[in-house]
Amino acid sequence: MENSNSPWGRIARPLPGSLPASPARIVLIVLALMGLWTAYYTIPAESEGVVLRFGKYIHKVPPGLHFKLPYGIDGVIAVPTQRQLKLEFGFFSPGATNPDQAGLEPGKERSMVTGDLNAALVEWIVQYRITEPQDYLFAVRDPGQTLRDISESVMRAVVGDRTVDEIITIGRQEIEDTSLQRMRALAELYHLGVFISQVQLKNVNPPEPVQPSFNEVNRAQQDRENAINLANGDYNKAVPRARGEADQQIRAAEGYRFKRINEAEGDVAAFSAVLEQYVKAPEVTRMRLYLETMGEVLPQAKQSIVVDDTVQQILPMLPLSTAMPEEKR
C-alpha cells in the first residue's frame, strides 16, 4: 500500500515501455557523434597530410580519405607538396593564395645598390616546391618568411657584386643562376624542406629621377651597336670579295707561270733534240733546218726579188704563195 505521507509516493511513475531521458545518455550520444565527426579527414590531391598526436609528429599520409583518433587526440595539417609556389619581390600580384607570396614593403625590397655604387630597382620571382613537409613545418619557426629573407639577402649580395649595366643588360642570366645556387645551398643548410626550382628577374630599372638620362645612355649605346653591326656587315661583304679577287689573280698568275715554264721546257727539249741530231750530222741538220725555215717563211712572202751578185740581171722569183695551193690540189 502506498504511503501518501512519504515523499517518494508523490513521484510520477514512468509509463510502461518508455525509457527515462537521462542527461548521461544525452552526453554519450553527443560524444559518440563528435567522435565519428572527428575520426576521419580528407587530404586534397595536391597535398600531403602531416599527422600529429598531442602535437607530436607521427607520420605522413598521401591524398585521400583517412581515419585518426578523435576528440583532438590526432591533428592533421595538409601541406601542398605538389603545388608550384612562388615568392614575389618588389611587386605583388592580386588574388594570391599563398600568404607568403607578397612582401609587406615591396618598395624597399626592390631598392638596391650595385657594385659601382649606382641605385637600381630590381624585381624578381622565386619559384619553389615543398618537398619535406616535416622540415617545412617544424625545422624553423616561420618557413615562408625565412625563405623570403634568404632570397632577399642573396639577391642583394649578387647585385652588389655587379655593375648597373650588367644587371640591366648582359648579366641577367648569370645573376639568376648564381642566386639560384646560393638560395638552394642556404635552404638545405636551414632544413627548410623546400626545393627552389627557378629564380627569374622581372623588371630591372634605374630610379625614376635618373631614368630619362639612363634611357638616353641606352639609346646611345644601341646606336653605337647598330653602327658597329653595319660596319661589320660592310666588312664581311668587302673583305671576302677582295680576298676572292686576290685569290683569282694569284691563281691566274700561277697558271701563267706554269704555262710559261712548260713552254720553256718544251722549247728546251725540242732544241736539245735538234742539237743531238745536229751533232750527229751537222750538214744535213743545217740544211734541214734551213729548208724548214724557208718553207715557213716563203709562203708568207707576196712577190719577192732575189738579187745575186754573180747574176748580171734581176731575176723575179716565182710567186710561190699562189703556186702552193695549186700544188696541194
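For every chain, the first residue of the written sequence is number 1, and numbering continues from 1 onward in sequence order. Since the coordinates come from a predicted model, pLDDT governs what is reported: local features require at least 70, and pairs of side-chain atoms require 80 or more to be given and counted, while whole-chain, interface and lining totals use all residues. Values reported for side chains reflect all heavy atoms of the structure, with hydrogen atoms and water molecules removed beforehand.

**Student:** Can you walk me through the overall build of the chain in this structure?
**Tutor:** Only DSSP runs of H or I covering at least 4 residues are called helices, and only runs of E covering at least 2 are called strands; the numbering of each starts at the N terminus. On a plain count of helices and strands, the chain comes out with nine helices and eleven strands. Out of the 329 residues belonging to the chain, those deemed buried represent 22%. A sequence separation of at least 24 residues applies to 64% of the contacts in the chain between residues at least 6 apart. Throughout, the Shrake-Rupley method with a 1.4 Å probe supplies accessible areas, and for residues the shown protein chains are the sole cover considered. Here the chain has roughly 23,600 Å² of accessible surface; of this, 58% comes from carbon and sulfur atoms. Between buried and exposed lies partly exposed: a residue is buried under 20% and exposed over 50% of the maximum accessible area for its type, with that area taken using a 1.4 Å probe on protein chains only. By definition in these notes, contact holds between two residues if any of their heavy atoms fall within 4.5 Å.

**Student:** Looking at this model, I keep getting lost on a nonpolar patch on the surface. Mind explaining?
**Tutor:** Here a patch means residues that are over 30% exposed by relative accessible area and free of salt bridges, tied together within 9 Å if like-charged and within 5 Å if nonpolar (Val, Leu, Ile, Met, Phe, Trp, Tyr). By convention in these notes, a salt bridge is any Lys or Arg side-chain nitrogen within 4 Å of a carboxyl oxygen on Asp or Glu. Residues Ile26, Val27, Leu28, Val30, Leu31, Met34 and Tyr71 make up a contiguous nonpolar surface patch of about 660 Å² in total accessible area. For Met34, the location among the structural elements is in helix H1 (residues 23-37).

**Student:** Hey, could you run me through the pairing of strand S6 (residues 85-89) in this one?
**Tutor:** Most of S6 sits out of view: four of its five residues are buried. Pairing between S6 and strand S8 (residues 119-130): five bridges, direction antiparallel. Bridge pairing in S8 places Glu88 opposite Ile125. The criterion for strand pairing is that DSSP finds at least two bridges linking the strands in question.

**Student:** Where do I start with the packing of helix H7 (residues 211-280) against helix H8 (residues 282-297) in this structure?
**Tutor:** Two measures define how a pair of helices packs: the angle their axes make with one another and the distance between the axes. Axis definition: a line fit to C-alpha positions, over the contact stretch in the case of helices; interaxial angles, taken between N-to-C directions, run 0 to 180 degrees. Contact pair H7 / H8: the axes reach a minimum separation of 5 Å and the direction vectors enclose 135°. Here H7 lies oblique to H8, going by the angle between them. On H8, the residues touching Val274, Gln277, Tyr278, Val279 and Lys280 of H7 are Pro282, Thr285, Arg286 and Leu289. Here the nonpolar group is Ala, Val, Leu, Ile, Met, Phe, Trp, Tyr, Cys and Pro; Asp, Glu, Lys and Arg are the charged ones; every other residue, Gly included, is treated as polar. The residue makeup of the contact of H7 with H8, split by class, is five nonpolar, two polar and two charged. Angular relationships are summarised with four words: roughly parallel below 35 degrees, roughly antiparallel beyond 145, roughly perpendicular across 65 to 115, and oblique for the angles in between.

**Student:** Sorry if this is basic, but what is going on with the pattern of salt bridges here?
**Tutor:** Any two side chains of opposite charge can pair, on the condition that their charged atoms come close. Using the criterion set out here, one finds 13 salt bridges in the structure. Two residues, Arg260 and Glu263, come together in a salt bridge whose shortest N-O distance is 3.2 Å. Of this pair, Arg260 and Glu263 both sit in helix H7, three residues apart, roughly one helical turn. Among the residues examined, Arg260 registers a relative accessible area of 45% and is labelled partly exposed.

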